[in-house]
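Okay, here's what each chain looks like letter by letter:
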Amino acid sequence: MTPEEIPLKSDATVSALLEENRIFHPPYDFKAKAFIKDASIYERARQDPQGFWAEWAGKLEWFKKWDKVLEWDVPYSKWFIGGKLNASYNCLDRHIKAGLGGKKAIIWEGEPEGEQKVLTYNEMYLAVNKLANVIKSLGVVKGDRVAIYMPMIPEAVVAMQACARVGAIHTVVFGGFSAEALKDRILDAQAKLLITADGGYRRGKLIPLKDISDEVVSQCPCVVHVLVVNRAGHPVNMQSGRDYWYHDLMEKAKVYCPPEPMDAEDILYILYTSGTTGKPKGIIHTTGGYMTGVAATTQWVFDLRADDIFWCTADIGWVTGHSYIVYGPMANGATQIMYEGSPDYPQRDRFWRIIERHRATILYTAPTAIRSFMKWGTQWPEQCDLSSLRLLGSVGEPINPEAWIWYYHYIGKEKCPIVDTWWQTETGCILISPLPGLTPLKPGSATRALPGIEAAVLSEDGKNIERGGGYLAITTPWPAMLRGIYGDADRYKETYWTKWKGTYFPGDGAKKDADGYLWLLGRVDDVIKVSGHRIGTMEVESALVDHPQVAEAAVVGISDEIKGQEIAAFVILKEGNPPGPEAEDMLKKHVVHKIGAIGRPKTIIFTAELPKTRSGKIMRRLLRDIAEGRALGDVTTLADAHVVETLKQKYESEGQT
Ligand code: WT7
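Residues numbered from 1 in each chain as written. Predicted model: local features only at pLDDT ≥ 70, side-chain atom pairs only at ≥ 80, totals over all residues. Heavy atoms only, no water.

In this section: the site of the ligand. Close to the ligand lie 17 residues, the nearest being Asp420, Thr421, Thr425, Asp508 and Arg534. Within the backbone of glycine 396, one N or O atom sits 3.1 Å away from a nitrogen atom of the ligand. Here a nitrogen atom of the ligand and a backbone polar atom of threonine 421 are 2.7 Å apart. When the free accessible area of the ligand is taken as 550 Å², the share hidden by the protein chains comes to 96%. (Near = heavy atom within 4 Å. Polar contact = N/O pair within 3.5 Å; in protein donor to acceptor, adjacent residues only side chain to side chain. Areas by Shrake-Rupley, 256 points an atom, 1.4 Å probe, with all protein chains shown as cover.)

Another aspect to go through is the domain arrangement of the protein. What the domain assignment reports for the protein is domain 1 (3-83 + 271-523), domain 2 (121-260) and domain 3 (527-653). With centres defined by C-alpha atoms, the gap from domain 1 to domain 3 works out at 31 Å. Taken residue by residue, the interface counts 22 residues in domain 1 and 20 residues in domain 3. Summing both sides of the interface, domain 1 and domain 3 together bury roughly 1900 Å²; the carbon and sulfur share of this comes to 51%. Looking at the side of domain 1 that touches domain 3, its residues break down into 4 nonpolar, 11 polar and 7 charged. (Domains from an automatic or database assignment. Contact = heavy atoms within 4.5 Å. Buried area = accessible area lost by both parts, 1.4 Å probe. Nonpolar A, V, L, I, M, F, W, Y, C, P; charged D, E, K, R; others polar.)

With that settled, consider the nonpolar core. If you look at the biggest cluster of nonpolar residues, it comprises 124 residues, and the most contacted ones within it are Leu131, Met291, Phe302 and Tyr327. Here this core spans two domains, and each of domain 1 (3-83 + 271-523) and domain 2 (121-260) adds at least three residues to it. Ignoring any residue separated from it by four or fewer positions in sequence, one finds tyrosine 327 in contact with Ala87, Cys91, Met160, Gln161, Ala164, His170, Leu268, Tyr269, Tyr290, Met291, Val294 and His322. Core analysis: the second largest hydrophobic core is formed by 41 residues, Tyr149, Cys222, Ala543 and Ala569 among them. (Core = buried A, V, L, I, M, F, W, Y, C linked by side-chain atoms within 4.5 Å. Buried < 20%, exposed > 50% of the residue type's maximum accessible area, 1.4 Å probe, protein only.)

A few words now on the pairing of strand β27 (residues 533-536). Here strand β26 (residues 527-530) pairs with β27 via 4 bridges, running antiparallel. Bridged to valine 527 within β27 is glycine 536. Linking β26 back to β27 in an antiparallel pair, the connection comprises 2 residues, with serine 531 at a positive phi of about 55°. (Pairing = 2+ DSSP bridges. Helix = DSSP H or I, 4+ residues; strand = E, 2+ residues; numbered from the N terminus.)

Taken together, the side chains of Leu126, Val255 and Tyr256 present a nonpolar region at the surface, about 280 Å² in accessible area. Relative to the elements of secondary structure, tyrosine 256 occurs in the loop between α10 (246-252) and β13 (262-263). (Patch = residues over 30% accessible without salt bridge, like charges linked within 9 Å, V, L, I, M, F, W, Y side chains within 5 Å. Salt bridge = Lys/Arg side-chain N within 4 Å of Asp/Glu carboxyl O.)

Here the focus is the confidence of the model for the protein. On average, residues of the protein score 94 in pLDDT, and 96% of them are at 70 or above. Within the model, pLDDT remains below 50 along residues 1-14, and this stretch shows 30 contacts once partners closer than five positions in the same chain are excluded. (pLDDT = per-residue confidence, 0-100.)

Another point: the sheet that holds strand β5 (residues 116-120). Hydrogen bonds along the backbone pair up the strands of a sheet, which may run parallel or antiparallel. The mixed open sheet is built from 7 strands, whose spatial order is β5-β4-β17-β16-β18-β19-β20. Of all strands in the sheet, those bounded by a partner on one side alone are β5 and β20 (418-421). Strand-to-strand twist across the sheet, computed as the mean angle between neighbouring axes with direction ignored, equals 20°. Looking at chain direction, strand β4 (residues 104-109) and strand β17 (residues 335-339) are connected through 4 bridges and run parallel. (Axes fitted to C-alpha atoms, helices over the stretch in contact; angles between N-to-C directions.)

Bringing the environment of lysine 33 into the picture now. Positionally, lysine 33 belongs in helix α2 (residues 28-33). A relative accessible area of 52% means that lysine 33 is categorised as exposed. Each C-alpha atom of the pair lysine 33 and glutamate 584 lies 56 Å from the other, and the pair is 551 residues apart in sequence.

This part is about the packing of helix α11 (residues 288-301) against helix α12 (residues 319-331). Contact geometry of α11 with α12 gives a least axis separation of 8 Å together with a crossing angle of 80°. Between α11 and α12, the angle falls in the class roughly perpendicular. On the side of α11, the interface is formed by Tyr290, Met291, Val294, Ala295, Thr297 and Thr298, while α12 contributes His322, Ser323, Tyr324, Tyr327, Gly328, Pro329 and Ala331. Per-class residue counts for the contact of α11 with α12 are 8 nonpolar, 5 polar and no charged. (Parallel < 35°, antiparallel > 145°, perpendicular 65-115°, else oblique.)

What follows covers the packing of helix α3 (residues 40-47) against helix α4 (residues 49-57). Put simply, α3 and α4 touch, their axes get as near as 5 Å, and they point 115° apart. Classified by the interaxial angle, the pair formed by α3 and α4 is roughly perpendicular. Where α3 approaches α4, its residues Ile41, Arg44, Ala45, Arg46 and Gln47 are matched on the opposing element by Pro49, Phe52 and Glu55. Of the residues belonging to the contact of α3 with α4, the class tally is 4 nonpolar, 1 polar and 3 charged.

Across the junction of valine 74 and proline 75, the peptide omega takes the value 0°, indicating a cis bond. Here proline 75 lies in the loop between β1 (68-73) and β2 (76-81). The linkage connecting tyrosine 345 with the following residue, proline 346, adopts the cis geometry, with an omega of -10°. Assignment of secondary structure puts proline 346 in the loop between β17 and α13 (350-358). Even without being glycine, aspartate 303 reaches a positive phi, approximately 50°.

With that settled, consider the pairing of β4. The buried fraction of β4 is high, at 5 of 6 residues. In this sheet, β5 lies alongside β4 in antiparallel orientation, the contact comprising 5 bridges. Residue isoleucine 106 lies in a different strand from β5, and its bridge partner there is leucine 119. The loop that links β4 with its antiparallel partner β5 comprises 6 residues; one of these, glycine 114, has a positive phi angle of about 95°.

With respect to the secondary-structure elements, aspartate 308 resides in the loop between α11 and β16 (309-312). A distance of 2.6 Å separates a polar atom in the side chain of aspartate 308 from a polar atom in the side chain of threonine 361. Polar side-chain contacts of aspartate 308 include one of 2.7 Å to the side chain of arginine 390. Setting aside its immediate chain neighbours within four residues, aspartate 308 contacts Asp303, Thr335, Thr361, Ile362 and Arg390.

On to the sheet that holds strand β22 (residues 468-474). Overall, antiparallel pairing links the 4 strands, which are arranged β21-β22-β24-β25 in an open sheet. Each of the sheet's edge strands pairs with one partner strand only, and the pair in question is β21 (455-458) and β25 (518-523). If you compare each strand with its neighbour and ignore which way they point, the axes differ by 40° on average. Where β21 and β22 come together, 4 bridges link them in antiparallel fashion. Paired with alanine 455 across the strands is isoleucine 474, a residue of β22.

Looking at the secondary structure, you find tyrosine 121 in helix α6 (residues 121-137). Residues tyrosine 121 and isoleucine 370, spaced 249 residues apart in sequence, show a C-alpha to C-alpha distance of 31 Å.

This part takes up the environment of tryptophan 376. As for its position among the elements, tryptophan 376 is in helix α14 (residues 367-376). Measuring from C-alpha to C-alpha, the distance between tryptophan 376 and glutamate 460 comes to 41 Å, with 84 residues separating the pair along the chain. Apart from the residues within four sequence positions on either side, tryptophan 376 is in contact with Pro343, Asp344 and Arg348.

Now the structure itself:
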C-alpha cells in the first residue's frame with residue numbers, strides 16, 4: 001500500500017489537514033513558567049544524543065551506574081549497560097526519601113457516583129511493599145510473568161508497581177478483552193500468577209472479571225495462583241489452594257520488601273498489541289531505557305510541576321496507562337486522577353465534573369473521546385468550572401482540526417496549549433509532540449520529534465522526503481524502544497526493520513509541511529484504530545473464520561465520524577448456511593467472544609466471492625471503497641472483476657453506505 005492509499009482518512013480530510021494553517025503560539029504566561037522554554041535543547045540532543053539521554057537517565061536513582069550508554073547492533077539496542085535500578089523504587093521510595101510521602105499519589109473515583117479514594121505516596125508505598133511480599137509468598141520470583149486483568153482501581157497500579165518491585169514481568173490485559181483473548185496472552189507469556197478482581201464497573205454494568213478468569217485459568221496450566229481484589233462485592237468462586245483474596249493476604253503481609261536490583265536491560269513488562277497477523281505481539285520493554293524515556297517525556301511534554309493534578313484518561317490495559325499513569329508520572333512524583341468508568345455515566349458531564357471536583361490541571365485524552373464530547377454538545381462542559389486546566393493532550397490517533405479547535409475552545413478556553421502526542425506501544429514513550437511552552441501549534445499536526453529523537457518521512461525505497469507524503473520513520477535508536485517481541489525474534493526484525501536498513505518502520509503514513517511539521521495520517525498496514533484502540537484486521541478475520549459456518553472472511557477499516565475507524569467484514573459462508581441478520585448477529589457475537597467488544601464488526605456483508613488479485617491477495621482497498629460506498633477505481637488486476645460489481649451492488653441495495 002502506498003501512503004496515497006492510507007485508509008484512515010478520505011482524501012478530502014487529508015487535504016483539509018494540510019490546508020489547516022492557523023497557528024497557535026504558547027500563551028505568554030505558560031511560556032514564562034514552562035519547564036522547557038529554550039529551543040537549544042533540540043540541538044544539544046542532536047550533537048550528543050547519548051550524552052543527552054545519559055543526562056536524563058541520571059535524574060533517576062540507580063543502585064549502580066551504567067558502564068556504557070548504548071550498544072546499537074541493528075536492530076538490537078541496549079541502553080545503560082551494566083546499570084542497576086528498580087522502577088518501583090524510582091516511583092516510590094525516592095519521593096518518600098525526599099519528604100514527599102504525604103503528597104497525594106492517586107485521587108481515584110469509582111464509576112458509581114460518590115465513590116472516592118485518595119492514596120498518598122506513603123500509602124501507595126505501603127501497599128506496593130505488602131503486595132510485593134504477597135506476590136513472593138505465592139512463589140513468584142524475578143523474571144516470572146504475572147498477568148493483571150483488572151478494572152481501573154488503585155490496586156491495579158499497586159499490582160504493576162509490586163511486580164516491578166520484585167522483578168516480576170507484568171503483562172496487563174485490558175479488562176474489556178474476552179476470556180479467549182486473556183487466555184492467549186496468559187499462555188503466550190506463560191504467566192504464573194493472575195491478579196484480577198471480582199469485577200469492575202463500566203457504564204453502570206459490572207464486568208465479572210473473576211468469572212471470566214475462571215473460564216481461562218482452568219485451561220492455563222502455567223497459572224498456579226489467582227489473586228482477587230474485592231472491588232464490587234460480586235459473588236465469585238474461590239478455588240481452594242489456587243485462589244486468594246487480596247485483602248486476606250495483604251492483611252498478613254510484611255510492610256517492607258526490598259526492591260530487586262534490576263539490570264537496566266531486564267524486562268519490566270510485556271504488553272500485547274495487535275499486528276498484521278491474527279496473533280497479537282508481546283511487546284517487550286526493559287527497565288533502564290524505558291524508565292528514562294517515560295520520566296523525561298512526562299516532564300517535557302506535560303510540563304509537569306509539583307502542584308499539578310494530572311489526569312490521563314487511558315486504561316492501564318493500554319500502553320498509555322503504563323507510561324503516563326503508572327511509570328512516567330509516578331517517577332516524577334505527580335498527583336494523578338484515576339477514574340474507573342465511562343465518560344457518560346451517570347451523565348455526559350462526568351469528565352468535567354471530575355476536573356471541577358479535583359481541580360485537574362492537565363488532561364490527556366483521545367480524539368475519539370473529544371469527538372463524542374463534541375457530539376454531546378457544549379452544554380455539558382459549560383456547566384462546569386474547568387478553570388484549573390492549563391494544558392491539554394491528545395493521543396492514539398490523528399486528531400482532526402475540527403476536534404482540535406473544539407477542544408482548544410470549549411475545554412481549554414483558549415488558554416491551554418494542546419500537545420498532540422504521537423507514539424506507539426512499541427516506542428514506549430512519546431516520540432513526536434510539541435513542547436507546550438515552546439512549539440507553535442498547528443491543529444492536526446503532532447509538530448516535530450522530541451529532543452533526542454530523529455523522525456523522518458521516507459519514500460518506499462528509503463529516500464528522505466523534505467516536503468510531502470510518505471512513511472514515518474524513526475532513524476536513530478531511543479532508550480524506551482521495544483527490545484523485541486516475546487517469543488518471536490523473527491517477527492521483530494520482519495515487522496519493524498526490513499523496510500529500510502537500520503531505520504524503524506512504525507507502520508504510519510506521514511506528511512511533512514514547509515515548516516518541517518509532521519502530520520500523522522494513520523496506519524498503512526493491516527492495523528486499524530477503532531476509538532483509538534489498535535486492532536488487526538487479520539485478528540478479526542481469524543475470529544470470523546474460527547466460526548464453523550464461515551468459509552472465508554476479509555476485514556477492513558472504514559471511516560467513522562466518532563470512532564475514527566470502524567470494522568467492516570466481508571464474509572463467505574459455507575454451503576448451506578443462510579446469510580441474513582441472524583447470521584450477522586451470530587458472527588458479531590462470535591467475534592466478541594473471541595476478542596472482546598472492541599473487535600465487534602459494525603457491519604457484516606455476506607458475499608459469494610471476494611475480490612482477489614491474480615496472485616490471490618484480497619484487495620482490501622477495493623473492499624474499503626465498497627464498504628464506504630466510494631466509486632470503484634482500477635479493477636484490472638482482479639481475478640474476476642465481476643465479483644466487485646456484484647458486491648458493490650449488494651452493499652448499496654442493503655443501504656449500508
Ligand atoms: C498507533 C499506535 C500511543 C499510545 C496509544 C496508542 C496511532 C497514536 C497518534 C497521534 C496520529 C497516532 C498511530 C500509531 N497514533 N498517537 N497523536 N496522531 N496517530 O498506541 O495502540 O500502540 O497505537 O496509534 O497510528 O502507530 P498503540
